[in-house]
Amino acid sequence: REGRRPLIAGNWKMNLTHLEAIGMVQKLAFSLKEPELEAAEVVVLPPFTALRSVQTLVNGDKLEIGYGAQDLSVQDSGAYTGEVSGAMLAALACRYVVVGHSERRALHGEDDAVVAGKVQAALRHGLVPILCVGEGLEVRRAGEHVAHCTAQLDAALEGLSAEQLTGSGASTGGGGGPGSGGGVVIAYEPVWAIGTGEVATPEDAQEVCGALRSRLAERFGADTAGVVRILYGGSVKAANTAGILAGPDVDGALVGGASLDADEFAQICRTAA
Ligand code: PEP
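Here the structure is a predicted model, which means the values were calculated and not measured.

Calculation notes
Every residue gets a number counted from 1 within its own chain, in the order that chain's sequence is written. Only residues with pLDDT of at least 70 are given local features in this predicted model, and only at 80 or more are side-chain atom pairs given and counted; all residues enter the totals for whole chains, interfaces and linings. A run of DSSP states H or I qualifies as a helix once it reaches four residues; a run of E qualifies as a strand once it reaches two. Both are numbered from the N-terminal end. Our radius of gyration is a C-alpha quantity, and the globule rule it is checked against amounts to 2.2 Å times the number of residues to the power 0.38. Each residue is classified by how many other C-beta atoms fall within 10 Å of its C-beta atom, where C-beta atoms are placed from the backbone; a count of 20 or more means buried, 12 or fewer means exposed, and values in between mean partly exposed. Linking buried Ala, Val, Leu, Ile, Met, Phe, Trp, Tyr and Cys residues through C-beta atoms within 7 Å yields a set, and such a set is a nonpolar core. Here the contact rule is simple: place C-beta atoms from the backbone, and any two residues whose C-beta atoms are within 7 Å are in contact. UniProt positions are given in the numbering used here, feature names are shortened, and annotations may be inferred rather than shown by experiment. For each residue, a C-beta atom is placed from the backbone, and the residue counts as near a molecule or strand when that atom lies within 6 Å of it. When residue character is reported, Ala, Val, Leu, Ile, Met, Phe, Trp, Tyr, Cys and Pro are called nonpolar, Asp, Glu, Lys and Arg charged, and the others, Gly included, polar. We call two strands paired when DSSP finds no fewer than two bridges between them. Fitted lines through C-alpha atoms serve as axes, helices being fitted only where they are in contact, and the angles separating the N-to-C directions of these axes extend from 0 to 180 degrees. Just so you know how the angles are binned, under 35 degrees is roughly parallel, over 145 roughly antiparallel, 65 to 115 roughly perpendicular, and the rest oblique.

Caption draft 1: Quick peek at the overall build of the protein chain. Regarding its fold elements, the protein chain presents 13 helices and eight strands. By the compact-globule yardstick of 19 Å for 273 residues, the protein chain fits well, its C-alpha radius of gyration being 17 Å. Projected onto its principal axes, the C-alpha positions of the protein chain cover 45 × 45 × 35 Å. Here the protein chain, with 273 residues, has 48% of them falling under the buried criterion.

Caption draft 2: Molecular detail of the nonpolar core. Membership of the largest hydrophobic core comes to 80 residues, with the highest contact counts inside it found for I8, V97, V119, I130, L131, I186 and Y188. Looking at which element gives the most residues to this core, the answer is helix α6 (residues 112-124), with six residues. In this structure, I8 is in contact with A40, V42, G252, A253, V255, I268, C269 and A272, ignoring residues within four places of it in sequence.

Caption draft 3: Seen up close, the UniProt feature "binding site: substrate" (unreviewed entry) in the protein chain. Feature annotation in UniProt places "binding site: substrate" (unreviewed entry) on N11, W12, K13, G195, S235, G256 and G257, given in this structure's numbering. Spatial clustering of the annotated residues is evident: they stretch over 247 residues in sequence, but the largest pairwise C-alpha distance comes to 13.8 Å. Mapped onto the fold, S235 is located in the loop between β7 (230-233) and α12 (238-245). Once residues lying within four places of it in the same chain are set aside, the contact partners of S235 are A193, T196, G197, E198 and V199. If you trace the backbone, G257 turns up in the loop between β8 (252-255) and α13 (262-272). G257 gets classed as buried once you count the C-beta atoms within 10 Å, which come to 20.

Caption draft 4: Spatial organisation of unusual backbone geometry. The phi dihedral of K62 is positive, around 50°, even though this residue is not glycine. With respect to the element layout, K62 can be found in the loop between α3 (48-60) and β3 (66-69). Looking at K62, the number of C-beta atoms within 10 Å reads 7, which means it is exposed. Positive phi, close to 60°, is recorded for A93, a residue that is not glycine. Here A93 shows up in the loop between α4 (86-91) and β4 (96-99).

Caption draft 5: Local environment of the site of the ligand. The full set close to the ligand counts 13 residues, and I194, G195, G233, G256 and G257 are the nearest of them. Grouping the amino acids of the shell around the ligand by side-chain chemistry returns five nonpolar, seven polar and one charged.

Caption draft 6: Quick look at the UniProt feature "active site" (unreviewed entry) in the protein chain. Here the UniProt-annotated "active site" (unreviewed entry) positions come out as H101 and E189. These annotated residues cover 89 residues of sequence, and their C-alpha atoms lie no more than 8.3 Å from one another, placing them together at a single site. As for its placement among the helices and strands, H101 is situated in the loop between β4 and α5 (102-107). The class for H101 is buried, based on 27 C-beta atoms found within 10 Å. Once you skip the residues sitting within four places of it in the chain, H101 turns out to touch Q70 and C132. Within the secondary structure, E189 sits in the loop between β6 (185-188) and α10 (202-220).

Caption draft 7: Up close: the pairing of β7. Across the two faces of β7 the burial is the same, with I230 and Y232 and L231 and G233 all buried. Pairing between β6 and β7: three bridges, direction parallel. Among the inter-strand pairings, A187 is bridged to a residue of β7, identified as L231. Bridge analysis of β7 against β8 gives two bridges, and the strand direction is parallel. Among the inter-strand pairings, Y232 is bridged to a residue of β8, identified as A253.

Caption draft 8: How the structure looks around the packing of α6 against helix α8 (residues 145-156). Two elements in contact, α6 and α8, have axes separated by 8 Å at closest approach and are oriented at 50°. Judged by the angle between their axes, α6 and α8 are oblique. Residues D112, V115, A116 and V119 of α6 lie in contact with α8, whose contacting residues are Q152, A155 and A156. Among the residues making up the contact of α6 with α8, the classes are represented as five nonpolar, one polar and one charged.

Caption draft 9: The sheet that holds strand β2 (residues 41-45), seen in detail. In spatial order, the strands read β1-β2-β3-β4-β5-β6-β7-β8; together these eight strands close into a barrel with parallel pairing. Averaged over neighbouring strand pairs, the angle between their axes works out to 25° when direction is ignored. Those strands touched by α8 are β5 (128-133) and β6, and its axis lies near 150° from that of β5.

Caption draft 10: Layout of the environment of V250. As for its placement among the helices and strands, V250 is situated in the loop between α12 and β8. Along the chain, V250 and P46 lie 204 residues apart, while their C-alpha atoms are 23 Å from each other. Not counting chain neighbours up to four residues away, the residues in contact with V250 comprise A205, Q206, C209, I230, Y232, I244 and L245.

In structure tokens form, the structure reads like this:
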């Protein structure tokens, strides 16, 4: 994975108050050493209510820990009660925003068109979308997981240019260091592996991550596809990180449950570094 800096992103989901978030980031900063934070990019994705506190802590102590949000609105402003816009996240110097997480797709009815709109909304505001794709158990059992995931990828990236995909020439908030790129990050998250303790095998993860990169290469060219970071997510823990990251097309991990334990998450980051 030459030129692609590993990315470990902790999706806290609907957990941790802003005070607990501060404690979590402090613990992470304390246990991760500078060379580790240089080798791997470490990102936390707190609930909206904790973003300001995390920003203040990261800025105040000049921590090499990135942060972002778990969702954003398709719209930029207006009468959309309860929504949070990309402009608001950019104003908090978020670098990342998760788009199309399977929980948003399943519990909030987000279809491919909404996900594509959110990718565009993120890019409009200089945020890097972490675009999630992944199949459910039925699709996996039918052997249609690659087709399913590439179709989700195609739909979400509808109308995107190669420059938008890689972030070349664009300025993004926060900065992620050399090899971090801007653009779009893809996350392969098989739904059957999320929060279930059932991690995909390293071969499963590589198969789909490799297929997604091939699809990007078909659409945008091999050079462009070669700089896009593709993560695996689904029951990643310290004990299975090395195996998952061994796949040549697996550039990091999106971590849910295990990101709520600072020691465990730090160990995952260390393994990626
Ligand atoms: C997720 O929800 O993005 C995720 C990967 O969750 P978990 O690690 O808990 O399976």
